[in-house]
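# Breakdown of the fold
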Amino acid sequence: MKKKRTTTERYTLADLENWREAARDAQPPIRLGVFGDPVSHSLSPQMQNAALKHCKIDVQYARFHIRANELRSALPVLAGLDFVGVNLTVPHKIAAVNHIDDIDESARRVGAVNTIKIDDGKLRGSNTDGRGFSRAIREEFSVDLRDMRVMVLGAGGAARAVAMQCAKESCERLVIVNRTFEKAKELATELQDFFTGPKVFGPVPRLQAVPWEEASIRFQIGNVDLIVNATPVGLNRADASPIPARLLAPHVMIYDTIYSDKRTPFVAAAIEAGARAANGLSMLLHQGALAFEIWFEREAPLDVMREAL
Ligand code: NDP
């Protein structure tokens, strides 16, 4: 009897190159997936497969362990197979921009792709992280970014999506903090056209890049409502919180894009400081639901996906 392969298995570039053989026994057929390195921790398969099953779409979503130097070979192979699309995670989001046929406005502005749809053999890239983040903030804290003074930690792919979304939704104030200060300044420069309006509160500028230093962060915390961690600091449970509890205050909302079923170090620090906090599971859910909507042009079953996470 043939062994039925399940989505807990990982596929590789070699499998993709020999796909008809590698996926011969997969039932339902694998026509969606996530490319990453590492990829074994990704929660996207369980979330997307629950949605596919619920919607009676006879397709399976799998994990693909694709290394950084393999992306440019993997994407063209994908275009020749009958895939619906893929998600991209670390380290592929920025590199993919140069290896696909076209990118939409969301991906172009962020400079990173997290969702690819295959359309007539063409790879079309989008980025759902920013809109997923916006929906997550509304769900977690019942607020809109439009009303927020936001501090973003990081200037990489996730931080760019978050900062761009805050700018597009005309947040009151945006502070970008990054270990490599130069990158924070570059991102602020890119966003300055969004912040020319009259909303100015007190002596602080509406848009500011700030070095990752205690004194600067301490000052800024008095002038922000929401702090978003968009760095990997806290991915390891042994990591310190990106901002220690003693600098946080009860008035700030804390959103850690790192997702976990336990408290991340940043969420733990927020709770210690008496602040409201949430981790990135809600952003994962909403960016995934938006990807599903791009692939199938229908509403995603949000409750089913949430339950699966
Ligand atoms: P990138 O590698 O593109 O960017 C990493 C950023 O973190 C850079 O700004 C980097 O600063 C900073 N950084 C890295 N290490 C440290 C450190 N030790 N101390 C201070 N700053 C540091 O990664 P991504 O933006 O793609 O991902 C970041 C995190 O976002 C991921 O770990 C993931 O958990 C989360 N994420 C969550 C999503 C969700 O749906 N919930 C979706 C996407 C991402 P520098 O410029 O100095 O190198």
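Residues numbered from 1 in each chain as written. Predicted model: local features only at pLDDT ≥ 70, side-chain atom pairs only at ≥ 80, totals over all residues. Heavy atoms only, no water.

### Description of the site of the ligand
Inspection of the region around the ligand gives 24 residues, with Ala155, Ala158, Asn178, Thr180 and Lys183 positioned closest. In the model, an oxygen atom of the ligand is placed 2.8 Å from a nitrogen or oxygen of the asparagine 178 side chain. In this structure, glycine 280 approaches the ligand through a main-chain N or O atom, which is 3.1 Å from a nitrogen atom. With respect to the pocket detection grid, the ligand is positioned in the largest pocket. Put simply, the parts of the chain that give the shell around the ligand at least two residues each are helix H7 (157-168) and helix H11 (281-296). Taken together, the residues that form the shell around the ligand break down as eleven nonpolar, nine polar and four charged. (Near = heavy atom within 4 Å. Polar contact = N/O pair within 3.5 Å; in protein donor to acceptor, adjacent residues only side chain to side chain. 1 Å grid on protein atoms, 1.4 Å probe; cavity = no way out; pocket = protein on both sides within 12 Å on 5 of 7 lines; lining within 4 Å. Sits in = over half its atoms within 2 Å of the grid points. Helix = DSSP H or I, 4+ residues; strand = E, 2+ residues; numbered from the N terminus. Nonpolar A, V, L, I, M, F, W, Y, C, P; charged D, E, K, R; others polar.)

### Section: the packing of aromatic side chains
For the structure shown, the criterion picks out nine aromatic pairs. Judged by centre distance (5.7 Å) and plane angle (35°), the ring pair of tyrosine 11 and phenylalanine 64 falls under tilted. Taken together, the positions of tyrosine 11 in strand E1 (residues 10-12) and phenylalanine 64 in strand E3 (residues 60-65) put the pair 53 residues apart, joining distant regions of the chain. The exposure classification of tyrosine 11 matches that of phenylalanine 64, with both residues buried. Summarising the aromatic geometry, the rings of tyrosine 61 and tryptophan 295 are spaced 6.2 Å apart at their centres and angled 50° between planes, so their arrangement reads as tilted. Remark: tryptophan 295 occurs in helix H11 and tyrosine 61 occurs in strand E3; sequence separation between them is 234 residues. There is no split in this pair, since tyrosine 61 and tryptophan 295 are both buried. An aromatic cluster is defined as three or more aromatic residues linked by ring pairs; in this entry it consists of Tyr11, Trp19, Phe35, Phe64 and Phe83. (Phe/Tyr/Trp six-rings, centres within 6.5 Å; stacked < 30°, edge-to-face > 60°. Buried < 20%, exposed > 50% of the residue type's maximum accessible area, 1.4 Å probe, protein only.)

### Some details on unusual backbone geometry
With omega at 5°, the peptide bond leading from aspartate 37 into proline 38 counts as cis. In this structure, proline 38 sits in the loop between strand E2 (30-36) and helix H3 (44-54). Note the cis peptide between valine 90 and proline 91, where omega equals 5°. Unusually for a residue other than glycine, aspartate 120 sits at a positive phi of about 55°. Checked against the element boundaries, aspartate 120 lands in the loop between strand E6 (115-119) and strand E7 (122-126).

So yeah, pure geometry; function would need other evidence.
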